[in-house]
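# Examination of the molecular architecture
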Amino acid sequence: MDVIRPSSSLRLIVLGCALTLGACDDDEVASPPGADGGTASPPASADAITESVLAACPSATTMIQSVEWPSCLAGRRVTGTEPFTNAPCELRIGADGRFDYLRAGAVAFTVPERSGWRAATGTYKNEVSAGRRIFLAGLAPDLPAMAGQPRVTNVNLSFFSVAGQDETVEIQYLDANLARQTSTCRVDVL
(Lines give C-alpha, C1' and ligand atoms only; values in the text may rest on other atoms or scores of the structure.)
Protein backbone atom coordinates (compact mmCIF):
# COMPACT_ATOMS: atom_id res chain seq x y z
CA MET A 1 0.00 0.00 0.00
CA ASP A 2 1.27 3.45 -0.89
CA VAL A 3 1.22 6.42 1.46
CA ILE A 4 -0.77 9.30 -0.03
CA ARG A 5 -1.15 12.95 0.78
CA PRO A 6 -4.64 13.62 2.14
CA SER A 7 -6.91 16.17 0.50
CA SER A 8 -7.22 19.57 2.14
CA SER A 9 -10.57 18.69 3.76
CA LEU A 10 -9.12 15.46 5.10
CA ARG A 11 -6.12 17.39 6.43
CA LEU A 12 -8.51 19.63 8.36
CA ILE A 13 -10.25 16.58 9.85
CA VAL A 14 -6.92 15.03 10.86
CA LEU A 15 -5.70 18.37 12.24
CA GLY A 16 -8.91 18.75 14.23
CA CYS A 17 -8.47 15.25 15.61
CA ALA A 18 -4.87 15.95 16.57
CA LEU A 19 -5.86 19.18 18.31
CA THR A 20 -8.68 17.40 20.11
CA LEU A 21 -6.36 14.62 21.25
CA GLY A 22 -3.71 17.13 22.30
CA ALA A 23 -6.21 19.09 24.37
CA CYS A 24 -7.19 16.05 26.42
CA ASP A 25 -5.37 15.05 29.57
CA ASP A 26 -4.24 11.46 29.80
CA ASP A 27 -6.06 11.43 33.16
CA GLU A 28 -9.41 12.24 31.56
CA VAL A 29 -11.82 9.35 31.27
CA ALA A 30 -14.83 9.42 28.98
CA SER A 31 -18.14 9.27 30.78
CA PRO A 32 -20.10 6.07 30.31
CA PRO A 33 -23.35 6.34 28.36
CA GLY A 34 -25.98 8.01 30.46
CA ALA A 35 -23.48 9.43 32.99
CA ASP A 36 -24.45 12.97 31.99
CA GLY A 37 -27.96 12.42 33.31
CA GLY A 38 -29.30 11.22 29.95
CA THR A 39 -30.50 7.74 29.24
CA ALA A 40 -28.08 4.93 28.52
CA SER A 41 -27.58 3.94 24.88
CA PRO A 42 -29.35 0.75 23.86
CA PRO A 43 -27.12 -2.28 23.37
CA ALA A 44 -25.54 -2.56 19.92
CA SER A 45 -27.09 -5.01 17.47
CA ALA A 46 -25.07 -8.08 16.47
CA ASP A 47 -24.13 -6.52 13.10
CA ALA A 48 -23.27 -3.04 14.45
CA ILE A 49 -19.89 -1.43 13.95
CA THR A 50 -18.42 -1.30 17.46
CA GLU A 51 -15.05 -0.49 19.00
CA SER A 52 -14.16 -4.21 18.96
CA VAL A 53 -15.03 -4.43 15.24
CA LEU A 54 -12.78 -1.44 14.50
CA ALA A 55 -10.01 -2.96 16.66
CA ALA A 56 -10.12 -6.09 14.47
CA CYS A 57 -9.49 -4.02 11.31
CA PRO A 58 -5.85 -3.57 10.23
CA SER A 59 -3.89 -0.90 12.04
CA ALA A 60 -2.58 2.06 10.02
CA THR A 61 -0.97 4.95 11.89
CA THR A 62 -0.67 7.10 8.78
CA MET A 63 -3.23 7.76 6.08
CA ILE A 64 -2.74 5.12 3.42
CA GLN A 65 -4.29 4.58 0.03
CA SER A 66 -6.56 1.54 -0.04
CA VAL A 67 -9.88 0.44 -1.50
CA GLU A 68 -9.70 -2.80 0.50
CA TRP A 69 -10.84 -1.37 3.86
CA PRO A 70 -14.57 -2.12 3.37
CA SER A 71 -13.77 -5.84 3.65
CA CYS A 72 -13.09 -5.53 7.41
CA LEU A 73 -16.55 -3.97 7.89
CA ALA A 74 -18.51 -6.22 5.48
CA GLY A 75 -21.84 -7.32 6.91
CA ARG A 76 -21.84 -4.45 9.43
CA ARG A 77 -23.96 -1.34 9.81
CA VAL A 78 -23.98 1.93 11.69
CA THR A 79 -26.99 4.06 12.58
CA GLY A 80 -27.54 7.67 13.52
CA THR A 81 -29.44 10.85 12.75
CA GLU A 82 -29.06 13.43 10.02
CA PRO A 83 -28.24 16.69 11.83
CA PHE A 84 -30.51 19.12 9.95
CA THR A 85 -33.56 16.97 9.31
CA ASN A 86 -33.36 14.71 12.39
CA ALA A 87 -34.19 11.82 10.04
CA PRO A 88 -32.85 8.44 11.14
CA CYS A 89 -30.00 7.30 8.91
CA GLU A 90 -28.05 4.09 8.48
CA LEU A 91 -25.07 2.87 6.46
CA ARG A 92 -24.98 -0.82 5.60
CA ILE A 93 -21.69 -2.21 4.36
CA GLY A 94 -22.13 -5.30 2.24
CA ALA A 95 -19.80 -7.72 0.57
CA ASP A 96 -17.25 -6.66 -2.02
CA GLY A 97 -17.56 -2.90 -1.56
CA ARG A 98 -21.35 -2.51 -1.59
CA PHE A 99 -22.82 0.33 0.49
CA ASP A 100 -26.45 1.17 1.14
CA TYR A 101 -27.33 4.48 2.79
CA LEU A 102 -30.81 4.56 4.28
CA ARG A 103 -32.78 7.64 5.31
CA ALA A 104 -35.90 7.09 7.45
CA GLY A 105 -35.72 3.36 6.67
CA ALA A 106 -35.66 3.72 2.86
CA VAL A 107 -32.59 3.29 0.67
CA ALA A 108 -31.48 6.73 -0.49
CA PHE A 109 -28.14 5.81 -2.11
CA THR A 110 -26.37 2.64 -3.18
CA VAL A 111 -22.81 1.94 -4.19
CA PRO A 112 -22.87 -1.38 -6.05
CA GLU A 113 -20.31 -4.16 -5.62
CA ARG A 114 -16.89 -3.63 -7.22
CA SER A 115 -17.96 -5.28 -10.45
CA GLY A 116 -20.14 -2.19 -11.02
CA TRP A 117 -17.25 0.26 -10.56
CA ARG A 118 -15.08 1.52 -13.39
CA ALA A 119 -12.28 2.33 -10.91
CA ALA A 120 -11.91 3.64 -7.36
CA THR A 121 -9.57 5.39 -4.96
CA GLY A 122 -9.65 5.13 -1.21
CA THR A 123 -7.97 6.24 2.00
CA TYR A 124 -7.68 4.52 5.37
CA LYS A 125 -6.33 5.21 8.84
CA ASN A 126 -6.99 3.16 11.97
CA GLU A 127 -4.82 4.28 14.87
CA VAL A 128 -5.02 3.83 18.62
CA SER A 129 -2.95 6.18 20.75
CA ALA A 130 -3.23 6.51 24.53
CA GLY A 131 -6.39 4.39 24.39
CA ARG A 132 -8.11 6.67 21.86
CA ARG A 133 -9.03 5.49 18.37
CA ILE A 134 -9.03 7.46 15.15
CA PHE A 135 -10.70 5.57 12.30
CA LEU A 136 -10.87 7.50 9.04
CA ALA A 137 -11.83 5.73 5.83
CA GLY A 138 -12.89 7.07 2.47
CA LEU A 139 -13.87 5.52 -0.83
CA ALA A 140 -14.41 7.29 -4.15
CA PRO A 141 -15.89 4.81 -6.63
CA ASP A 142 -16.03 5.80 -10.29
CA LEU A 143 -19.57 4.75 -11.12
CA PRO A 144 -21.24 4.94 -14.51
CA ALA A 145 -23.73 7.80 -14.85
CA MET A 146 -27.38 6.88 -15.09
CA ALA A 147 -29.60 9.62 -16.53
CA GLY A 148 -31.79 11.27 -13.90
CA GLN A 149 -30.28 9.23 -11.03
CA PRO A 150 -28.00 10.46 -8.23
CA ARG A 151 -24.49 9.01 -8.29
CA VAL A 152 -22.35 8.54 -5.17
CA THR A 153 -18.88 10.05 -5.56
CA ASN A 154 -17.49 9.52 -2.03
CA VAL A 155 -18.26 7.55 1.12
CA ASN A 156 -16.38 8.82 4.20
CA LEU A 157 -16.37 7.34 7.70
CA SER A 158 -14.96 9.28 10.67
CA PHE A 159 -15.05 7.40 13.97
CA PHE A 160 -13.28 8.62 17.11
CA SER A 161 -13.18 7.28 20.65
CA VAL A 162 -12.63 10.84 21.86
CA ALA A 163 -15.21 12.61 24.02
CA GLY A 164 -16.81 15.58 22.28
CA GLN A 165 -15.82 14.50 18.75
CA ASP A 166 -18.75 13.75 16.39
CA GLU A 167 -18.61 10.43 14.62
CA THR A 168 -20.04 10.69 11.13
CA VAL A 169 -20.78 8.96 7.87
CA GLU A 170 -20.72 11.30 4.91
CA ILE A 171 -22.13 10.48 1.49
CA GLN A 172 -21.12 12.87 -1.28
CA TYR A 173 -23.04 12.55 -4.52
CA LEU A 174 -24.10 14.20 -7.75
CA ASP A 175 -27.87 14.72 -7.84
CA ALA A 176 -30.06 14.22 -10.92
CA ASN A 177 -28.99 17.70 -12.15
CA LEU A 178 -25.28 16.87 -11.55
CA ALA A 179 -25.06 19.30 -8.63
CA ARG A 180 -22.73 18.21 -5.82
CA GLN A 181 -24.57 17.32 -2.60
CA THR A 182 -23.64 15.82 0.76
CA SER A 183 -25.68 13.77 3.22
CA THR A 184 -24.24 13.51 6.72
CA CYS A 185 -25.26 10.97 9.33
CA ARG A 186 -24.22 11.77 12.91
CA VAL A 187 -23.52 8.28 14.22
CA ASP A 188 -24.95 6.90 17.45
CA VAL A 189 -22.32 6.02 20.06
CA LEU A 190 -20.20 3.10 18.83
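My aim in this report is to walk through the structure given alongside it, one point at a time. (Residues numbered from 1 in each chain as written. Predicted model: local features only at pLDDT ≥ 70, side-chain atom pairs only at ≥ 80, totals over all residues. Heavy atoms only, no water.)

## Remarks on the state of the cysteines
The full count for this structure, using the stated rule, is two disulfides. The side chain of cysteine 57 participates in a disulfide bridge whose partner is cysteine 72; the two sulfur atoms lie 2.1 Å from each other. Here the S-S torsion is close to 95°, and the disulfide linking cysteine 57 with cysteine 72 is therefore right-handed. With cysteine 57 in the loop between helix 2 (51-56) and strand 1 (60-65) and cysteine 72 in the loop between strand 1 and strand 2 (76-81), this pair connects stretches of sequence that are 15 residues apart. With a relative accessible area of 5%, cysteine 57 lands in the buried category. Classification of cysteine 72 as partly exposed rests on a relative accessible area of 23%. (Disulfide = S-S within 2.5 Å. Helix = DSSP H or I, 4+ residues; strand = E, 2+ residues; numbered from the N terminus. Buried < 20%, exposed > 50% of the residue type's maximum accessible area, 1.4 Å probe, protein only.)

## Concerning the pairing of strand 3 (residues 88-93)
Where strand 2 and strand 3 come together, six bridges link them in antiparallel fashion. Within the sheet, the bridge partner assigned to arginine 76 lies in strand 3 and is isoleucine 93. Linking two consecutive strands that pair antiparallel, namely strand 2 and strand 3, is a turn of six residues; a positive phi of about 60° is found at asparagine 86 within it. Count of turn residues in the strand 3/strand 4 (residues 99-103) antiparallel hairpin: five residues, of which aspartate 96 carries a positive phi of about 55°. (Pairing = 2+ DSSP bridges.)

## Comments concerning the packing of aromatic side chains
The tally for this structure, following the rule as stated, stands at five aromatic pairs. Between phenylalanine 109 and tyrosine 173, the aromatic rings sit 4.3 Å apart at their centres with planes inclined by 40°, giving tilted as the arrangement. Of this pair, phenylalanine 109 sits in strand 5 (residues 106-111) while tyrosine 173 is found in strand 9 (residues 168-174), placing the two residues 64 residues apart along the sequence. What makes tyrosine 173 buried here is its relative accessible area of 12%. On the numbers, 5.9 Å between centres and 20° between planes, the contact of phenylalanine 135 with phenylalanine 159 is stacked. With phenylalanine 135 in strand 7 (residues 132-142) and phenylalanine 159 in strand 8 (residues 151-160), the pair connects residues that are 24 residues apart, well separated along the chain. Of the two residues, phenylalanine 135 and phenylalanine 159, neither departs from the other in class, the shared state being buried. Among the aromatic residues, ring-to-ring pairing joins Tyr101, Phe109 and Tyr173 into one connected group. (Phe/Tyr/Trp six-rings, centres within 6.5 Å; stacked < 30°, edge-to-face > 60°.)

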